[in-house]
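Working through the structure, step by step
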Amino acid sequence: MVKIKTADELNKKFLREGMWPTIFCNGCGHGVVLEYTFWALEELGLDMDKVIFSSGIGCSSRLPGYINADGLHTTHGRAIAFATGIKAADPDFNVIVFTGDGDCAGIGGNHFIHAARRNIDMTVIMINNFIYGMTGGQLAPTAPLGSIATTAPYGNIEHPFDICNLACALGANYVARWGVSHPYQPIKSIKEGIQKKGFSLLEFLAPCPTAYGRRNKLGDIKKHWEWYDNNTILKEDLEKIMKYGSEQEKEQVKDKIPLGVFQDIQKPGFFEAYEQLVDRLKEKESKSIGGK
Amino acid sequence: MVCLMIEVREDWCKGCNICIDRCPVDALEESDILNRRGVRPPKLKEKNDCNFCRLCELICPDLAITVFPDEKEKKPVKKTLLTPVGGKIK
């Protein structure tokens, strides 16, 4: 029989208790993502001295402050750039980046693109709440069409940014998107993402009742959490319905957000390739010296 | 005795009631006491079907709930063997 750990033991191990309780609003999904990360780290049994957290600016970027491990709270959008630096300095570290949708897709978009392209060994946990919550509810690039924000008072007319599709196109090793209301799939995904060599992106759809929900008639916490249940669908189900379903069914699922693991491949990461390059050049040099 | 199965850190609870909404067997309710923030933390109902699925523990955004499976009281566990390993049992 497996000894089941309780949340209390977990909190003692991972939580920086002086910082608790969080500043997050009532009904926010960020705390849930933090807890899933704790469970995943607990399951993996990593040495917490060898794990570094990095974050930018925003609600999601306060998360490393609550974890009893080393963390960087960096400038807006540059969390991934700093994480690349950590990984380059010492590739033994496990780097986990907490970032928000504005931080990762909006302001730090280019850093994200190039880290994914180089396939740098890190785990990016992007918490997507469709809005810049901490700075007052400006429109984020991931907000669905028609959603209302302080900078879009008559509804959003820009098409939303699908960050998972982008990461898949760039060839990231592990790409997954989950909601926060189902615990086991995200915990498994975080585990796989940390274990994976190469870039792994985990997107979480987290409710934000204060900044997003209040303006979009979802201010009630229960209603807002149910919105995520009603407007998401498993990727496999979506594919089946799109292939074999009737017109009516297709119409129903057309606008839903797919959840699931989108990409799971094993491509050599940047630092593996770099080590191979160094070895190759050393070998070449020793041969040329030997030839003289 | 019933209340020993679930422990809530009352000063951490923000009163979002997600645990009450999400409980699959509807075993939780608001308690009578107010905490420091002026909200009512959850507690187990007097008569409940709690099967230790630990969803409230896993889903609480403030990490305030802890579930202690009571080994003496043998209740049939519905649905799943819930060890938090992401669907797999070691």
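In what follows, the structure referred to is the one given above.
Report follows, based on the coordinates. (Residues numbered from 1 in each chain as written. Chains lettered and ligands numbered in written order. Predicted model: local features only at pLDDT ≥ 70, side-chain atom pairs only at ≥ 80, totals over all residues. Heavy atoms only, no water.)

**A word on the interface of chain B and chain A**
With 34 residues of chain B at the interface, the matching set in chain A holds 36 residues. Both faces considered, chain B and chain A share a buried interface measuring about 3,000 Å² in area, 59% of it formed by carbon and sulfur atoms. The tally of links between chain B and chain A comes to one salt bridge. The partner of B:Arg22 in a salt bridge is A:Asp229, and the shortest N-O contact between them spans 2.8 Å. Secondary-structure elements contributing two or more residues to the side of chain B that touches chain A are helix 1 (18–22), helix 2 (55–59) and strand 4 (65–67) of chain B. A total of four residues in the side of chain B that touches chain A trace back to one element, the largest contributor, which is helix 2 of chain B. Of the residues belonging to the side of chain B that touches chain A, the class tally is 17 nonpolar, five polar and twelve charged. (Contact = heavy atoms within 4.5 Å. Buried area = accessible area lost by both parts, 1.4 Å probe. Salt bridge = Lys/Arg side-chain N within 4 Å of Asp/Glu carboxyl O. Helix = DSSP H or I, 4+ residues; strand = E, 2+ residues; numbered from the N terminus. Nonpolar A, V, L, I, M, F, W, Y, C, P; charged D, E, K, R; others polar.)

**Examining the side chain of A:His224**
All names here are of chain A. The topology assignment puts His224 in helix 9 (residues 221–230). Within the structure, the side chain of His224 is placed 3.2 Å from the backbone nitrogen of Cys208, a separation counted as a polar contact. In contact with His224, not counting residues within four places along its chain, are Pro207, Cys208, Pro209, Tyr212, Gly213 and Leu218. (Polar contact = N/O pair within 3.5 Å; in protein donor to acceptor, adjacent residues only side chain to side chain.)

**Looking at the pattern of salt bridges**
Residue and element names in this part refer to chain A. Scanning all chains against the criterion turns up 13 salt bridges over all chains. Between Asp121 and Lys87 there is a salt bridge, with its nearest N and O atoms 3.5 Å apart. Remark: Lys87 occurs in helix 3 (residues 79–89) and Asp121 occurs in the loop between helix 5 (109–118) and strand 4 (122–128); sequence separation between them is 34 residues. Neither residue differs from the other here; Asp121 and Lys87 are each classed as buried. The partner of Glu203 in a salt bridge is Arg177, with the nearest N and O atoms 3.2 Å apart. A residue pair is termed long-range when its members are at least 10 positions apart, and Glu203 in strand 8 (residues 199–205) and Arg177 in strand 7 (residues 174–179) qualify at 26 residues. Summarising the burial analysis for this pair, Glu203 and Arg177 share the class buried. (Buried < 20%, exposed > 50% of the residue type's maximum accessible area, 1.4 Å probe, protein only.)

**A few points about the side chain of A:Lys87**
All names here are of chain A. Residue classification places Lys87 among the buried residues on the basis of a relative accessible area of 3%. At 3.2 Å, the side chain of Lys87 and the backbone oxygen of Pro91 are in polar contact. Those residues in contact with Lys87, other than ones at most four positions away along the chain, are Phe93, Val95, Ile120, Asp121 and Phe271.

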